[in-house]
Amino acid sequence: MGRRTDTPRAGRRNPGELESEVLAALWAAEEPLTPGQVQQALDGGLAYNTVHTILVRLFEKQLLTRTLLGRAHAYRPTKGAEDLTAEQMTALLERGPDHEAVLQRFVTALSSHDEAALRRLLGPAG
């Protein structure tokens, strides 16, 4: 039988997971971090070159800014976690042909806590 290709190999992360981990480390920092500092913040579980590649990709996507700090660049997110997540949610909504149906399914899948938060945000109209 052939090898299954529908499941990730053991120990492999899903696409985007490494970028999310790197962004989380940068959001938690109070100052820009070099690739070595990001590697340390991630408990050294990734090779330096891997961290550096992810930082460069995020920079090219304009999700990070960078400044020269000695011989290395130090990176800082261009937007907060909340802003980026909201942008991603909006982009996903825009993919669907029926926004109302997508929103209806989204709202019905919310936890009671998230539903209450949404009602508060919508105010009296909610």
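Refer to the structure printed above.
Keep in mind it's a predicted model, so treat the numbers as computed, not measured.

1. Thoughts on the overall build of the chain
Phase 1: A tally of helices and strands in the chain yields 6 helices and 2 strands.
Phase 2: Relative to its full complement of 126 residues, the chain shows a buried share of 21%.
Phase 3: The long-range fraction of contacts in the chain, counting pairs at least 24 apart against all pairs at least 6 apart in sequence, stands at 39%.
Phase 4: Carbon and sulfur atoms make up 53% of the accessible area of the chain, which totals about 9600 Å².

2. Brief notes about the pattern of salt bridges
Phase 1: Across all of its chains, the model carries 3 salt bridges by this definition.
Phase 2: Linking Arg119 and Glu115 is a salt bridge whose minimum nitrogen-to-oxygen distance equals 3.0 Å. In this pair, Arg119 and Glu115 both sit in helix α6 (residues 112–122), 4 residues apart, roughly one turn of the helix.
Phase 3: We classify Arg119 as partly exposed; its relative accessible area is 46%.

3. Notes on the pairing of strand β2 (residues 72–77)
Phase 1: In the sheet, strand β1 (residues 64–69) pairs with β2 via 6 bridges, with the strands oriented antiparallel. The residue bridging Leu68 from the neighbouring strand is His73, located in β2.

4. Considering unusual backbone geometry
Note: most peptide bonds trans; most residues except glycine with negative phi.
Phase 1: One non-glycine residue, Gln62, lies in the positive phi region at around 65 degrees.
Phase 2: Within the fold, Gln62 resides in the loop between α3 (48–60) and β1.
Phase 3: Residue Gln62 is classed as exposed on the basis of its relative accessible area, which comes to 63%.

5. Quick word on the side chain of Thr34
Phase 1: Its place among the elements puts Thr34 in the loop between α1 (17–28) and α2 (35–41).
Phase 2: By relative accessible area, which is 14% here, Thr34 ends up buried.
Phase 3: Not counting residues up to four positions away in its chain, the partners in contact with Thr34 are Leu69, Ala72, His73 and Ala74.

Rules and cut-offs
Residues numbered from 1 in each chain as written. Predicted model: local features only at pLDDT ≥ 70, side-chain atom pairs only at ≥ 80, totals over all residues. Heavy atoms only, no water. Helix = DSSP H or I, 4+ residues; strand = E, 2+ residues; numbered from the N terminus. Buried < 20%, exposed > 50% of the residue type's maximum accessible area, 1.4 Å probe, protein only. Contact = heavy atoms within 4.5 Å. Areas by Shrake-Rupley, 256 points an atom, 1.4 Å probe, with all protein chains shown as cover. Salt bridge = Lys/Arg side-chain N within 4 Å of Asp/Glu carboxyl O. Pairing = 2+ DSSP bridges.

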